[in-house]
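Take a look at the letters that make up each chain.
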Amino acid sequence: MKTAPGPLDPLARSRADFPLLERTIDGRPIVYLDSASTTPKPRCVIDAVVGAYTAHTANVHRGVHVLSEEATEAFEGARAEVASFLNASPAEIVFTRNSTEGVNLVAHGLGFRPGDEVVLTALEHHSNFLPWRVAARAVPVDLDGDGMPRYDEVERLLSARTRLLALAQVSNTTGVVAPVEEWIAAAHARGLPALVDAAQSASHLPIDVRALDCDFLVLSGHKLLGPSGIGVLYGKRERLEALGLYQTGGGMVRRHGDDRFDAHDVPLRFEAGTPNIEGAIGLGAALAYLRGLGMDAVRAHSLALGRHLVEGLREIPGVRVVAGSAPLERRIGLATFSVEAAGLSQESLARLLCDRYQIIASGGYHCAHILHDRLQLAGTVRISTHVFNTHAEIERALEALREIAAW
Amino acid sequence: MAPDPYAARCTAALEDALAAVPFYRRWRERDPGPARPLAERMAAMPVLSRMDLRAHVPHGFVRSGLSTHDGFATGEIEIVTTSGTTADRAAVVWHQPWWDRSLREAARVHPALEAVYGGPHREAVLTSPMCTGNLCHVGELPMAERTLGNLLFLNQELDPARWDAASVRRMADELGAFRPDVIEADPAYLAVLGRACLGSGTPLHQPACISLTYEFPSRLHVREIRRAFPGVPVVSSYGSTETGYVFTECEAGLLHQNTASCHVELQPVRAGRESGRLGRILVTTLGNPWFGLLRFDVGDLARLHAGAPCRCGRTDGLTVESIEGRVRDLTFDTRGVAVTVRQLDDAMATADGLLGYRIEQSGPRRYLARYVAEDGAGRTLGEALPPLLRGVYGADAEVAVRREPALAPEQSGKFRLALTTFAWDVEELFE
């Protein structure tokens, strides 16, 4: 079956930018449909990282020589790129390792007291669930029988003990866009901050933190075509300034005397130790690349692929799409599903997609055990797209699933 | 002269596969025909690879007339996937009755195994959870949930180096409570457990026999196992998820082919590239309508027995002196002659105080030996290993050594004893 781009693939020109897509398995080209796990990297990101190593390897913020100045300029340039991508100020951008660390930083810094509660959904990725569960009491909005959170029950769960609302803008398991604006409004109506987990959404939707009015937002570079080990915590400046220190050490301190130390202003106060300089530079290049494609075009392509995928899955006998009843116009190019195929576990099915069809997809629990428990699913398969994917590739995956389901 | 029923079954397997198993249609025209001897007909066929399995399982290997759909629906068959990276991975149509028959027949080679597998028995399995599919996303399961009928799966860790004292104690306690008749083990894992129990004075249940399988049995590991289970018969058994049980060690120490469920050819290594009677194991399965394999390349090597008939009296099928390890684990001496894991291991086993090793060849004459030593033996080994390895690879071999606290298994949970870090053409090696 051909997987060449067609007229419905406006971003198809980007395929040539991703060296990984030239990879073959058993002599046949791969179909990469696992971008919710991590994304392939475009050549410009690879070049930016290699360039940082080859042209100006040096530490940032502390050297007086030219290499350090160049490295600092590139590193802070990446911060400015992130800020611009989110419509924030560079002072509001903290580099972290990933979304998980961003959530942990906030959970640690808010200084919860016993009995404090965080309202979230039972669908949240472990990264946006366990830090709250450890630091406070996590109060989840429950799921309906289709796996969708009952978002409108948020008001009922807010109490005098609630300290924060935390919500993924797009679920990593359903691919459905959540009503974050409503949750943020509900939080603000009570003077509470709201944190948005944009790990999945940032790569598919334009994000404007000013328009959203969220207090915190986290994202991971590796899901945004950038390197692994680099992430971002956005926080309104006053919110960041009110957070307790997360880590201490070099780089975050302005002065250290016998009796006291003074931390830097935000964001550097949260960036103790030598940061992931090359990762940040690579992330900056990735965001510039995405903006070059145009985030509106990225969103439109993602939604179109998602519609194609879910509509196709719904038609395959024995396939159950998680949150399959959610409106198509609120889904990115991601779907999680189980296939009723006797003799095959969902994980085996994902392996089969790779081994027989060269289709790279996820199989397992996708860091959402509670969802699978609620729906009594022993694992699921997840297909997730990005800018380089084509409708022909979606059709190839559907064809493979039709074949397997008919065994 | 009475017709040879084994030869007749092999011929039938070939002809049936060519006639009725979809994948082999493309091989039909290569068959020189029934007038030619079986060996010649087989040799005319290509070698079946895991890549073929990946591309054509399940329907390609299921005999025409059988409904895969019904087989799955009734539970008669299921899909099982093997562990490993690209080249090792494969999906297999698993037919439990055929597998059980293969095990039973293979066990008949050794009296200790036959005594156990010939009737009701209890069996403990110790290997990587990747090999048994009991890796659980929610963490370690209690014993009751790891006990399936007469089987107890002991381990859920991906690396035995991660076992702490409590894990070792738990496994020893479970063996004591379950009292298996046989322990089927990956030798690397059982060696670690045995050594840990001996070291801590933890009593170990002594089964009627131990069956070593899952990966190449290093003499170092077998030595540790014999120490921990003195007097217990330790039997080496060779097979794979795809082929069932292929060779079993007899009480005389040679390995005999399981003629009930497979036919084996050894594809010779080219002259000048090996030290004699070494071949790649190609397996043709017999009597499995759901998964008919012809000349399947398991990826391993064996050395044919060439001396007098085996003392055990068995004459049917191939008799091999040894399983020599994986093809991809071959290294080469400085003249370019292949060195099997078995040959290397025979030499390494002479080093006192050695607990584990991995030899990495990075060039025609460059070798790095990573090793794990018993307490107090590190320095001596550091001096002893270079001349020992020059004895294996050649006097002009450049050998570096590096002591390691532990050696990590591959993603499959198996330990690699030797490897090359440069690419070489496997097919070029065989006739």
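Calculation criteria
Residues numbered from 1 in each chain as written. Chains lettered and ligands numbered in written order. Predicted model: local features only at pLDDT ≥ 70, side-chain atom pairs only at ≥ 80, totals over all residues. Helix = DSSP H or I, 4+ residues; strand = E, 2+ residues; numbered from the N terminus. Rg over C-alpha atoms; globule rule 2.2 N^0.38 Å. Buried ≥ 20, exposed ≤ 12 C-beta atoms within 10 Å, placed from the backbone. Pairing = 2+ DSSP bridges. Axes fitted to C-alpha atoms, helices over the stretch in contact; angles between N-to-C directions. Contact = placed C-beta atoms within 7 Å. Core = buried A, V, L, I, M, F, W, Y, C linked by C-beta atoms within 7 Å. Domains from an automatic or database assignment. Nonpolar A, V, L, I, M, F, W, Y, C, P; charged D, E, K, R; others polar. Expected span 1.5 Å × (residues − 1). Arc of directions from axis to C-beta. Parallel < 35°, antiparallel > 145°, perpendicular 65-115°, else oblique. pLDDT = per-residue confidence, 0-100.

A separate point is the overall build of chain B. Helix and strand counts for chain B come out as twelve helices and 20 strands. Its C-alpha atoms give chain B a radius of gyration of 22 Å, within 12% of the compact-globule value 22 Å for 431 residues. Across its three principal directions, the C-alpha atoms of chain B cover 65 × 55 × 45 Å. Looking at chain B as a whole, 42% of its 431 residues are labelled buried.

Residue and element names in this part refer to chain A. The strand order across the open sheet built from seven strands is S4-S10-S9-S8-S7-S5-S6, with neighbouring strands paired in mixed fashion. The open sheet has two edge strands with one neighbour each: strand S4 (93–96) and strand S6 (137–141). Adjacent strand axes in the sheet meet at a mean angle of 20 degrees, parallel and antiparallel pairs treated alike. Bridge count for strand S5 (residues 117–121) against strand S7 (residues 162–168) is three bridges, and the pairing is parallel. For Glu-117, the partnering residue across the bridge sits in S7 and is Thr-162. Taken strand by strand, helix H6 (residues 180–189) contacts S7 and strand S8 (194–197), and its axis lies near 175 degrees from that of S7.

Right, let's talk about the nonpolar core for a bit. Generally speaking, nonpolar side chains in soluble globular proteins are found buried as a group. All names here are of chain A. Residues Leu-217, Ile-281 and Ile-359 are the most contacted members of the largest nonpolar core, which totals 223 residues. With nine residues, the single largest contributor to this core is helix H9 (residues 277–293). For Ile-281, the contacting residues outside a window of four places in its chain are Ala-48, Val-49, Ala-52, Ala-74, Phe-75 and Ala-78. By size, the runner-up hydrophobic cluster in this structure holds five residues, among which are Leu-123, Leu-143, Tyr-365 and Leu-371.

The next point concerns the domain arrangement of chain B. Residue and element names in this part refer to chain B. Domain annotation for chain B reports domain 1 (94–324) and domain 2 (331–429). Counting from both sides, the interface comprises 21 residues of domain 1 and, opposite them, 20 residues of domain 2. Of all elements in the fold, only helix H7 (129–132), helix H10 (219–228) and strand S14 (319–326) reach the threshold of two or more residues within the side of domain 1 that touches domain 2. Residues of the side of domain 1 that touches domain 2, tallied by class, amount to ten nonpolar, four polar and seven charged.

Residues and elements named next belong to chain B. For helix H5 (residues 96–107), with twelve residues, the first-to-last C-alpha span of 16 Å sits near the 16 Å given by 1.5 Å per residue. Within the span of H5, buried status applies to Trp-98, Ser-102, Leu-103, Ala-106 and Ala-107. All buried residues of H5 project into a common sector of 170 degrees when viewed along the axis, lining one side. Opposite its buried face, H5 presents the exposed residues Pro-97 and Asp-100, each directed more than 90 degrees away. Tucked inside the fold, the buried residues of H5 contact helix H6 (111–117), strand S8 (234–240) and strand S9 (244–249).

What follows covers the interface of chain A and chain B. Listed by partner, the interface residues are 13 residues for chain A and 16 residues for chain B. Here the side of chain A that touches chain B takes five residues from helix H11 (residues 346–357) of chain A, the largest share from any one element. Of the residues that constitute the side of chain A that touches chain B, the class distribution is six nonpolar, three polar and four charged.

Turning our eyes to something else, we now look at the sheet that holds strand S17 (residues 354–363) of chain B. Residue and element names in this part refer to chain B. The four strands lie next to each other as S19-S18-S17-S20, forming an open sheet whose pairing is mixed. Single-partner strands in this sheet number two, and they are strand S19 (398–403) and strand S20 (418–420). With direction set aside, neighbouring strand axes in the sheet form an average angle of 20 degrees.

What follows covers the domain arrangement of chain A. Residues and elements named next belong to chain A. You can read the domains of chain A as domain 1 (12–41 + 294–405) and domain 2 (46–293). Using C-alpha coordinates to define each centre, domain 1 is positioned 27 Å away from domain 2. On the domain 2 side, the residues contacting the 34 residues of domain 1 number 30 residues. Elements with a minimum of two residues in the side of domain 1 that touches domain 2: helix H10 (295–314), strand S14 (334–339) and helix H12 (369–374). Broken down by element, the residue count for the side of domain 1 that touches domain 2 peaks at seven residues, all from H10. Taken together, the residues that form the side of domain 1 that touches domain 2 break down as 16 nonpolar, eleven polar and seven charged.

This brings us to the pairing of strand S17 (residues 380–384) of chain A. Residue and element names in this part refer to chain A. Of all five residues in S17, five are buried; the element is thus mostly enclosed. Alternating positions in S17 separate into two faces, Thr-380, Arg-382 and Ser-384 on one and Val-381 and Ile-383 on the other, with burial throughout. Relative to S17, strand S16 (residues 362–364) runs antiparallel, the two sharing three bridges. By the bridge assignment, Ser-362 is partnered in S17 with Arg-382.

Glancing now at the environment of A:Gly6. Residue and element names in this part refer to chain A. Looking at the secondary structure, you find Gly-6 in the segment before strand S1 (24–25). Placed 310 residues apart in sequence, Gly-6 and Ile-316 show a C-alpha to C-alpha distance of 24 Å. Sequence-distant contacts of Gly-6, defined by excluding residues within four places in its chain, comprise Thr-390, His-391 and Ala-392.

Moving on: the environment of A:Val119. Residues and elements named next belong to chain A. Assignment of secondary structure puts Val-119 in strand S5. Residue class for Val-119 comes out buried when judged on the 29 C-beta atoms lying within 10 Å of it. Placed 238 residues apart in sequence, Val-119 and Tyr-357 show a C-alpha to C-alpha distance of 42 Å. Residue contacts for Val-119: discarding those within four places in its chain leaves Val-139, Val-154, Leu-157, Leu-158, Thr-162 and Leu-165.

Attention now goes to helix H9 (residues 187–200) of chain B. Note that an α-helix has 3.6 residues per turn; residues three or four places apart therefore point the same way. Residues and elements named next belong to chain B. Over its 14 residues, H9 extends 20 Å from the first C-alpha to the last, a length consistent with the 20 Å expected when each residue adds 1.5 Å. Among the residues of H9, those classed as buried are Pro-187, Ala-188, Tyr-189, Leu-190, Ala-191, Val-192, Leu-193, Gly-194 and Ala-196. Buried residues in H9 make contact with strand S3 (123–126), helix H8 (165–178), strand S6 (182–185), strand S7 (209–212) and H10. Positive backbone phi, at 70 degrees, marks Gly-201, one or two positions downstream of H9.

Residue and element names in this part refer to chain A. It is at 5 Å that the axes of H9 and H10 come closest, and there the two elements cross at 80 degrees. When the axes of H9 and H10 are compared, the pair comes out roughly perpendicular. The residues of H10 that touch H9, namely those facing Leu-290, Arg-291 and Leu-293, are Met-295, Ala-297 and Val-298. Broken down by class, the residue content of the contact of H9 with H10 amounts to five nonpolar, no polar and one charged.

Along the chain, the position of A:Glu329 falls in the loop between strand S13 (319–321) and S14. Between the alpha carbons of A:Glu329 and A:Val176 there is a distance of 9.0 Å; along the sequence they are 153 residues apart.

Time to look at unusual backbone geometry. Cis peptide bonds are those with omega within 30 degrees of zero, and the linkage from A:Val266 to A:Pro267 qualifies with 5 degrees. Along the chain, the position of A:Pro267 falls in the loop between strand S12 (261–263) and H9. Here the bond from B:Val57 into B:Pro58 is cis, since omega is 5 degrees, no more than 30 degrees from zero. Checked against the element boundaries, B:Pro58 lands in the loop between helix H3 (50–56) and helix H4 (68–74). Of note, the phi angle at A:Asp213 is positive, near 65 degrees, even though the residue is not glycine. Position of A:Asp213 among the secondary structure elements: in the loop between helix H7 (209–212) and strand S9 (216–220).

Looking along a regular strand, one sees side chains alternate from face to face of the sheet. Residue and element names in this part refer to chain B. The sheet contact formed by S3 and S6 spans four bridges and is parallel. Across the sheet, Glu-123 pairs through a bridge with Val-182, a residue of S6. Sheet topology places S3 next to strand S5 (residues 151–153); three bridges connect them, and they run parallel. Note that in S5 the partner of Val-125 across the bridge is Phe-153.

So, about the confidence of the model for chain B. Of all residues in chain B, 97% attain a pLDDT of 70 or more, and the chain-wide mean is 93. Across the predicted assembly, pTM comes out at 0.88 and ipTM at 0.80.

Moving on, we come to the packing of H8(B) against H9(B). Residues and elements named next belong to chain B. H9 packs onto H8 with a crossing angle of 100 degrees between their chain directions and a minimal axis gap of 10 Å. Taken as axis vectors, H8 and H9 run roughly perpendicular relative to one another. Touching Ala-165, Val-168, Met-171 and Ala-172 of H8 are Leu-193, Ala-196, Cys-197 and Ser-200, all from H9.

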